[in-house]
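Observations on the three-dimensional arrangement
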Amino acid sequence: MAVVLIIDDSPTELHLFQNMLEKAGFETLVADSGEEGVKAARAARPDIILMDVVMPGMNGFQATRQLTKDPATADIPVIMITTKDQETDKIWGMRQGAVEYIVKPVKDKDLIGLINTVMAD
């Protein structure tokens, strides 16, 4: 069973993604900030990370950059989660080390498909 770390400052989004992924058979871990997400990734070494872009403190770009530059977490793929009006941020996210991005609101089948594709690569 693949382990997915979900990093998002919105309790509603965390709950939504967690339910979506657990129904699809994934094990989930959650963190409500970029700082906590980096710590959780280093401690748990998940198979993949879903990273919100806009968070107070350390944003998703900064957290992704830290994770991809750290040899202990550099091999964990990061999927950036953005809102439609932030879609141009996908280029910036890819420059920070994200392997993919998905736009909110997220449909179950799209998210599961994207995670499976990224993990198969």
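The structure under discussion appears in the preceding block.
A brief report on the enclosed structure follows. (Residues numbered from 1 in each chain as written. Predicted model: local features only at pLDDT ≥ 70, side-chain atom pairs only at ≥ 80, totals over all residues. Heavy atoms only, no water.)

Moving on: the sheet that holds strand β3 (residues 48-52). Strands sit in the order β2-β1-β3-β4-β5 across an open sheet of five strands; the sheet is parallel. Since the sheet does not close on itself, it has two edges, and those belong to β2 (27-31) and β5 (100-104), each with one partner. Pairs of neighbouring strands in the sheet enclose a mean axial angle of 20 degrees, with direction left out of account. Two elements, β3 and strand β4 (residues 78-83), share four bridges in a ladder whose sense is parallel. The residue of β4 that forms the bridge with methionine 51 is methionine 80. Sitting on the sheet, helix α2 (residues 34-44) is in contact with β1 (3-7), β2 and β3, with an inclination near 165 degrees to β1. (Pairing = 2+ DSSP bridges. Helix = DSSP H or I, 4+ residues; strand = E, 2+ residues; numbered from the N terminus. Axes fitted to C-alpha atoms, helices over the stretch in contact; angles between N-to-C directions. Contact = heavy atoms within 4.5 Å.)

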